[in-house]
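Chain by chain, the residues:
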2 protein chains.
Amino acid sequence: MPRVTMKDVAQAVGVSVMTVSNAFNRPDQLSTPLRERILQRASAMGYGGPNAAARHLRAGRTHCYGVVLSESLGYAFNDPYSVLWLAGFSEPLQAAGATMTLLPVPRAPGSDRDVIRRASVDGLAGFCATHAALEAARSCGIPMVLAHTEDADSDWVAIDDFAAGTQLGAHLRRLGHRDVVLLADRAFTAPPGPLDVDGEPFRLALHALARAGLFDIAIRIRGLLHGLGPDCRVRFVGAGANSRDAGRLASGHALEAAERPTAICCISDVLALGVLDALADDGLVPGRDVTVTGFDDLPEAGRSGLTTIRQPIRDKGRLAGELLLDPERTPRQLTLPHQLVVRTSSGPNLT
Amino acid sequence: MPRVTMKDVAQAVGVSVMTVSNAFNRPDQLSTPLRERILQRASAMGYGGPNAAARHLRAGRTHCYGVVLSESLGYAFNDPYSVLWLAGFSEPLQAAGATMTLLPVPRAPGSDRDVIRRASVDGLAGFCATHAALEAARSCGIPMVLAHTEDADSDWVAIDDFAAGTQLGAHLRRLGHRDVVLLADRAFTAPPGPLDVDGEPFRLALHALARAGLFDIAIRIRGLLHGLGPDCRVRFVGAGANSRDAGRLASGHALEAAERPTAICCISDVLALGVLDALADDGLVPGRDVTVTGFDDLPEAGRSGLTTIRQPIRDKGRLAGELLLDPERTPRQLTLPHQLVVRTSSGPNLT
DNA sequence: CATGGTCTCTGTATCGATACAGCCAAGGAT
DNA sequence: ATCCTTGGCTGTATCGATACAGAGACCATG
């Protein structure tokens, strides 16, 4: 079943294809009666209007912007941080009449390129993007805005994760905590044995995070360790995922350990909320029996009394969208403010 | 700056364009050494791989599926129902390596067609789609799966909203409620004066909902009224939006009215949760002082003791995706089960 | 030595639309 | 009467890739 094209319409009306094209795109280029006749005939023939792919090829623009996700599509909708960021990102797009494509990049090596190439978009936001994705975008000439600090040639909208981590670590230190469990998600493979920040295992673990596109988390962890100080005992525990349930499960392990830590420091609020769930199950009081901290300051953190770092998630997304839509806008490397929010889940070390 | 194309690569290597194309897409069609040479040269020249638009034009497939939203993009990420549905929808897409585009259709008349035409997608899901959007998709020959029951020629994944509404209405009736406020979102313009289900104002109000793409809500309201019975006094209150905050505000008005209703029946859980918030502010006990019902059974509804209708939101999305990916699959009109969940927010009318 | 089959690679038409230059007729200025 | 402008429309090249048919080269077989 051959689709009806502009050519068919042109033939039926008895005008040139160009005139039909103009009827749809540049009303000022032809007389109104003819335009009406063409549109009417087109609709009668079942012609739905200029073909998108052909138009994109010719015009080189799609009015569509992509978001690179190193996680699955489902993750984008399940994680509150992600949802907030995307909501912010969508604001300027909506205002500009643009659409938005979600590009989940499978973990298979090299697939970054394929997914990004297949996507016909005018620009990309690296919500959670690997270096390979950035390279792919560059090689295709697609502008890209990242969500973490990068080299001088890149555009980004981020916070100073090192400073934020340091601030949170220092808070715990001030409270007297010297035995801390650091709860990260599965991408961070805990190096076995005593912590050696300068050692190879630790370096590799951070590298794994970066490979998964979690640069900000890697930087955040460095900051945390810096703030906690060299004399603090830090044990790493990996959660199965970055979710509330995974946090609850992982925290169970940490608490059952022979030597219970005095504080559990989570790299995200969702993990921390899961830890609070686990504490509640065990009848432990956060901030008194165990100190718990998160990162992000989701709305739920406020309700749960979680000590955390507030970052302007929605603004991060919104500004990324604005930079993408307006290539002239400067500066193109934005570091937004963050803030330590102390609530009841953190308290002095009483042991 | 002219982009580098396949032709350039072919020239540089000294082979035909077709061979370069094969090097990227059909490795079995040429010898490995030549393929390697081509890929290497291409990468050295800064060729990022086959252009997406051109490929789409030629192949007629994009591996991208669209979701039509009559609301803004932001809404898609803010409403829990929407987020759950999208998470379900994304599952099969992710498995098939496809991407997903969100198409917010502005309210301007006729813009449905434009947005849908501009989107180069292999299929559409009408999460919240108007008739105009469906027409546009049909005229472009794009397959579309709807989220509400439609005519026999359409594919859809929905629940029986009339039966569900009736069940909920009957529940309230059994509890003795005969003075009910029906809280819907702004798309439903409450007809003034006494309710006349067969009258023109009511018909127009339902029509407005349909125009906004909220067919399921319109059907649901009919069902509710049917279940409540003809002797039940029903007053309509429109919330400014379908959100928790809007529900809280709107419920304030309903409660301050001279004649307080014995039950507030909300067309969604988010609105109902907002009503519960308002009751808590006023020190009223849901189910005793005022009965409140929702619709959807979001996770939060369980925690808040909300009486509601459970529908398989995630499954609705997932199955819509599966139907879209597999045109052969039958049946293509799925009505999923729903269930009345009675919790503490509904109780007998004690007045 | 002819025949047939594989394996590689090539040339051309095509997907559906748009940009650009240009053509013709009508009307106003000189 | 001639020149020039303007409005309204047309023809063709082009965007960048892929499908398809087919051409040589090479080897095995009878």
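Residues numbered from 1 in each chain as written. Chains lettered and ligands numbered in written order. Predicted model: local features only at pLDDT ≥ 70, side-chain atom pairs only at ≥ 80, totals over all residues. Heavy atoms only, no water.

1. Considering the protein's contact with DNA strand D
Around DNA strand D, a shell composed of 24 residues is seen, among which A:Thr19, A:Arg58, B:Ser21, B:Asn25 and B:Tyr47 lie nearest. The contact atoms of DNA strand D, taken as those within 4 Å of the protein, divide so that sugar and phosphate hold 63%. Taking A:Arg58, its side chain carries an N or O atom lying 2.5 Å from a base oxygen of DNA strand D. B:Tyr47 is positioned with one of its side-chain polar atoms (N or O) 2.6 Å from a phosphate oxygen of DNA strand D. Where the surface near DNA strand D is concerned, the elements lending two or more residues are α2 (17-25) and α4 (52-59) of chain A together with α2 (17-25) and α4 (52-59) of chain B. At four residues, α4(B) tops the list of elements feeding residues into the surface near DNA strand D. Its residues assigned to classes, the surface near DNA strand D shows eleven nonpolar, eight polar and five charged. (Near = heavy atom within 4 Å. Polar contact = N/O pair within 3.5 Å; in protein donor to acceptor, adjacent residues only side chain to side chain. Helix = DSSP H or I, 4+ residues; strand = E, 2+ residues; numbered from the N terminus. Nonpolar A, V, L, I, M, F, W, Y, C, P; charged D, E, K, R; others polar.)

2. Topic: the protein's contact with DNA strand C
Taken together, 25 residues lie around DNA strand C, and A:Ser21, A:Tyr47, A:Arg58, B:Thr19 and B:Arg58 are the ones closest in. Sugar and phosphate atoms constitute 62% of the interface atoms of DNA strand C, taking the interface as everything within 4 Å of the protein. Here a phosphate oxygen of DNA strand C and a side-chain polar atom of A:Asn25 are 2.7 Å apart. Note that a phosphate oxygen of DNA strand C is positioned 2.8 Å from one of the backbone N or O atoms of B:Ser31.

3. Concerning the domain arrangement of chain A
Domain annotation of chain A identifies domain 1 (6-50), domain 2 (64-159) and domain 3 (161-312). The centre of domain 1 of chain A, based on its C-alpha atoms, is set 38 Å off from the matching centre of domain 2 of chain A. (Domains from an automatic or database assignment.)

4. With respect to the nonpolar core
By size, the foremost hydrophobic cluster in this structure holds 160 residues, and its most contacted members are A:Trp85, A:Ile221, B:Trp85 and B:Ile221. Here A:Trp85 is in contact with A:Val67, A:Ala125, A:Phe127, A:Ile313, A:Lys316, A:Gly317 and A:Ala320, once residues within four sequence places are set aside. If you look at the next biggest cluster of nonpolar residues, it comprises 20 residues, including B:Ala119, B:Ala136, B:Ala137 and B:Met144. (Core = buried A, V, L, I, M, F, W, Y, C linked by side-chain atoms within 4.5 Å. Buried < 20%, exposed > 50% of the residue type's maximum accessible area, 1.4 Å probe, protein only. Contact = heavy atoms within 4.5 Å.)

5. Comments concerning the interface of chain B and chain A
Between chain B and chain A, the contact holds 38 residues from the first and 38 residues from the second. Here chain B packs against chain A, burying approximately 3,300 Å² in sum over the two surfaces, 59% of which is carbon and sulfur. Taken together, chain B and chain A are joined by zero salt bridges. For the pair chain B and chain A, the number of links is six residue pairs in polar contact (both at pLDDT 80 or more). Only α4, α5 (73-78), α6 (80-96), β2 (99-104), α7 (111-118) and α8 (131-140) of chain B provide two or more residues apiece to the side of chain B that touches chain A. Counted by class, the side of chain B that touches chain A contains 19 nonpolar, 15 polar and four charged residues. Two strands pair when backbone bridges link them, and strand β2 (residues 99-104) of chain A and β2(B) are joined in this way by three bridges, in the antiparallel orientation. Note on β2(B): the bridge partner recorded for A:Leu102 is B:Met100. (Buried area = accessible area lost by both parts, 1.4 Å probe. Salt bridge = Lys/Arg side-chain N within 4 Å of Asp/Glu carboxyl O. Pairing = 2+ DSSP bridges.)

6. Focus: the relation of the copies chain B and chain A
Both copies of the chain are related by a screw-like operation: a rotation about an axis and a shift along it. Take chain B, turn it by 180°, move it 0.1 Å along the axis, and it overlays chain A with an RMSD of 0.1 Å. The operation mapping one copy onto its partner corresponds to a two-fold rotation axis. For chain B, the minimum C-alpha distance to the rotation axis belongs to B:Thr101 and amounts to 2.1 Å. (Least-squares fit on C-alpha atoms with pLDDT ≥ 70 in both.)

7. Observations concerning the sheet that holds strand β9 (residues 291-293) of chain A
Residue and element names in this part refer to chain A. If you walk across this open sheet you meet the four strands as β7-β6-β8-β9, and the pairing is parallel. Each edge of the sheet is formed by a strand with only one pairing partner; in this case those strands are β7 (233-238) and β9. Taken over all neighbouring pairs, the strand axes of this sheet differ in orientation by 20° on average, direction set aside. Pairing geometry for strand β6 (residues 179-184) and strand β8 (residues 263-266), over four bridges, is parallel. Opposite Leu183, over in β8, you have Cys266 as the bridge partner. (Axes fitted to C-alpha atoms, helices over the stretch in contact; angles between N-to-C directions.)

8. Observations regarding the sheet that holds β2(B)
Sheet strands associate in pairs through backbone hydrogen bonding, adopting either a parallel or an antiparallel arrangement. In spatial order, the strands read β11(A)-β5(A)-β4(A)-β3(A)-β1(A)-β2(A)-β2(B)-β1(B)-β3(B)-β4(B)-β5(B)-β11(B); together these twelve strands make up an open sheet with mixed pairing. The two strands at the open ends of the sheet, each matched to only one other strand, are β11 (333-336) of chain A together with β11 (333-336) of chain B. Strand-to-strand twist across the sheet, computed as the mean angle between neighbouring axes with direction ignored, equals 20°. As paired elements, strand β1 (residues 64-69) of chain B and strand β3 (residues 123-128) of chain B share four bridges and run parallel to each other. Bridge pairing links B:Leu69 to B:Cys128 in β3(B).

9. Remarks on the packing of aromatic side chains
All names here are of chain A. Scanning the entire structure with this criterion turns up ten aromatic pairs over all chains. Following the ring pairs from residue to residue traces out a cluster consisting of Tyr81, Trp85, Phe89 and Phe127. One Lys or Arg, Arg220, reaches over the ring of Phe295 and ends 3.7 Å from the middle of that ring. (Phe/Tyr/Trp six-rings, centres within 6.5 Å; stacked < 30°, edge-to-face > 60°. Lys NZ or Arg CZ within 6 Å of the ring centre and 35° of its normal.)

10. Quick look at the environment of A:Asp231
All names here are of chain A. Assignment of secondary structure puts Asp231 in the loop between α11 (215-228) and β7. On the basis of relative accessibility, which here comes to 47%, the residue Asp231 falls in the partly exposed class. Along the backbone, Asp231 and Arg178 are 53 residues apart, and their C-alpha atoms lie at a distance of 7.2 Å. Setting aside anything within four residues of it in sequence, one finds Asp231 in contact with Arg173 and Arg178. Looking at Asp231, its side chain comes within polar contact range of the side chain of Arg173, at 2.8 Å.

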